[in-house]
Amino acid sequence: MPEQRQRRVAVLVLEGAKPLDVGIPAQVFTTRPSMPYEVRACAAAPGPVAGGDGLSYHLDHGLEALAWADVVFLPGYRHPDRDDPPPAVVDALLAAHDRGARLAAISTGAFALAATGLLDGRRATTHWHYTRALAAKHPRVRVDENVLFVDEGSVLTSAGAASGIDLCLHVLRGDLGVAASNHAARRLVAAPYRSGGQAQYVPRSVPEPLGERFAATREWALHHLTDDLTLEALARHAAVSPRTFSRRFADDTGYTPMAWVLRARVDVARELLERSERSVEQIAADVGLGTGANLRGHFRRILGTTPSEYRRTFARGE
């Protein structure tokens with residue numbers, strides 16, 4: 001990995017903070033040789049904070065950590081639909097955002113972020129149990145209850161606690177590239193990539209084994225990206241009709257089957273650009289995209305950059 005400047009992550013612990021929500025960014029971004037991050041957990045003021053679920057916290061840092069951070073995580077907390085963060089916290093979040101820091105909410109931390117007004121007119125999500133409450137309390141926020149996380153650039157939100165891992169890996173992927181994100185996912189024993197558009201809570205009217213079969217088909221597809229992965233081929237592997245497969249696949253992932261395959265191919269191409277010296281033409285063939293021109297076109301459309309620019313940004317140093 002090339003030499004990286006140290007990035008600063010603050011985790012803001014509010015009254016009633018959920019311990020898993022607090023622990024996820026602290027664990028994902030914890031300082032180690034392969035991770036150029038420093039994490040500071042903070043509160044409205046240094047000292048004890050009553051948490052949720054029977055735990056409490058003792059924080060060494062106050063709101064000055066928000067003036068220090070590049071990214072501020074807001075974990076979920078108890079009674080978010082009732083309790084707003086203190087005015088000093090709102091002011092500190094706004095000042096951090098104005099300075100250029102990204103603000104990222106996990107689960108019901110979206111309520112604290114919405115209290116700043118920074119989500120007004122923007123898409124956002126939160127735990128499915130609280131999506132209606134968020135929309136009622138902050139009607140100018142465009143609440144999307146059917147996604148794992150939403151990236152609006154300088155403000156990000158995620159659904160329940162586990163999707164906080166997806167959000168953290170998404171931030172890491174944008175900072176350091178796919179290889180670093182996949183390495184962190186393996187260390188966490190977590191799924192390396194779940195798209196933000198994947199549904200967070202889908203009531204199912206079909207037997208659960210069908211969902212498991214679709215997961216197996218996605219795994220199979222990842223190992224056969226050079227094959228002709230048509231809708232019919234995917235449906236045949238899942239042993240359902242193409243129409244049923246297409247509908248249920250979109251419900252589960254937020255993508256059509258062909259859009260999902262394309263993004264999977266681009267993601268593998270990203271990792272090959274980072275970790276190998278293979279040419280763009282070779283990588284295009286390796287991931288089933290045919291030609292370098294095809295790969296370049298998809299890179300430009302999906303990532304807003306070229307394979308060569310991506311490689312210069314994220315290629316691993318020796």
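What you see is a predicted model; the values in this text were computed from it and never measured.

### A look at helix H9 (residues 231–238)
Looking at H9, one finds that the buried residues are Ala233, Leu234, Ala235 and Ala238. The positive-phi residue at the C-terminal boundary of H9 is Ala239, with phi of around 65 degrees.

### What about the pairing of strand S6 (residues 102–105)?
As paired strands, strand S5 (residues 71–74) and S6 are joined by four bridges and run parallel to one another. Bridging across to S6, Val71 finds its partner in Arg102. Handedness of the S5-helix H3 (residues 87–99)-S6 crossover: right-handed. Where S6 meets strand S10 (residues 155–158), three bridges bridge the pair, whose relative direction is parallel. Looking at the pairing, Ala105 lines up with Thr157 of S10.

### Description of the pairing of strand S2 (residues 37–42)
For strand S1 (residues 7–12) and S2, the ladder comprises six bridges, and the chain directions are parallel. From the neighbouring strand, Leu12 faces S2, where its bridge partner is Cys42. At this point the chain moves from S1, through helix H1 (residues 19–28), to the parallel S2, and the crossover so formed is right-handed.

### Quick look at the pattern of salt bridges
Summed over the entire model, instances satisfying the criterion amount to eleven salt bridges. A salt bridge links Glu38 to Arg40; the nearest nitrogen and oxygen atoms lie 3.4 Å apart. By relative accessible area, which is 30% here, Glu38 ends up partly exposed. Linking Asp175 and Arg102 is a salt bridge whose minimum nitrogen-to-oxygen distance equals 3.1 Å. Note that Asp175 is positioned in helix H6 (residues 161–176) and Arg102 in strand S6, a separation of 73 residues in sequence. With relative accessibility at 12%, the residue Asp175 sits in the buried group.

### Details of the confidence of the model for the chain
Where the model shows low pLDDT, its predicted coordinates should not be examined in detail. Residue-level pLDDT values for the chain average 87, and 91% of them are 70 or greater. Segment residues 199–210 is flagged for pLDDT under 50; beyond a separation of four residues in sequence, or across chains, it makes 22 contacts in the model.

### Some remarks on the environment of Arg7
Considering the arrangement of structural elements, one finds Arg7 in strand S1. Residues Arg7 and Asp70 lie 63 residues apart in sequence; the distance between their C-alpha atoms is 6.4 Å. Beyond its immediate stretch of four places on either side in the chain, Arg7 contacts Pro36, Tyr37, Glu38, Asp70, Asp175 and Leu176.

### Things to note about the side chain of Asn182
Here Asn182 lies in helix H7 (residues 178–188). Residue classification places Asn182 among the buried positions, given a relative accessible area of 12%.

### Thoughts on the packing of aromatic side chains
For any pair of aromatic rings, the description rests on two quantities: the centre-to-centre distance and the angle between the ring planes. Applying the stated criterion across every chain, the model contains seven aromatic pairs. Between Phe29 and Tyr37, the aromatic rings sit 4.8 Å apart at their centres with planes inclined by 65 degrees, giving edge-to-face as the arrangement. As far as burial versus exposure is concerned, Phe29 and Tyr37 are alike and both buried. When the centroid spacing of 5.7 Å and the interplanar angle of 80 degrees are considered together, the rings of Phe249 and Trp260 count as edge-to-face. Of the two residues, Phe249 sits in helix H10 (residues 242–253) while Trp260 sits in helix H11 (residues 257–275), which places them eleven residues apart along the sequence. Take Phe249: its relative accessible area is 2%, and that puts it in the buried class. Linked through ring pairs, Phe214, Phe245, Phe249 and Trp260 together constitute an aromatic cluster. Here the basic side chain of Arg40 rests over the ring of Trp68, its NZ or CZ set 4.0 Å away from the ring centre.

### Quick word on the sheet that holds S10
In spatial order, the strands read S2-S1-S5-S6-S10-S9; together these six strands make up an open sheet with mixed pairing. In this open sheet, the two strands that pair with only one neighbour each are S2 and strand S9 (149–151). Across this sheet, the average inter-strand angle for adjacent strands is 15 degrees, counted without regard to direction.

Conventions adopted
Residues numbered from 1 in each chain as written. Predicted model: local features only at pLDDT ≥ 70, side-chain atom pairs only at ≥ 80, totals over all residues. Heavy atoms only, no water. Buried < 20%, exposed > 50% of the residue type's maximum accessible area, 1.4 Å probe, protein only. Helix = DSSP H or I, 4+ residues; strand = E, 2+ residues; numbered from the N terminus. Pairing = 2+ DSSP bridges. Right-handed = clockwise from strand over helix to strand, strands pointing away. Salt bridge = Lys/Arg side-chain N within 4 Å of Asp/Glu carboxyl O. pLDDT = per-residue confidence, 0-100. Contact = heavy atoms within 4.5 Å. Phe/Tyr/Trp six-rings, centres within 6.5 Å; stacked < 30°, edge-to-face > 60°. Lys NZ or Arg CZ within 6 Å of the ring centre and 35° of its normal. Axes fitted to C-alpha atoms, helices over the stretch in contact; angles between N-to-C directions.

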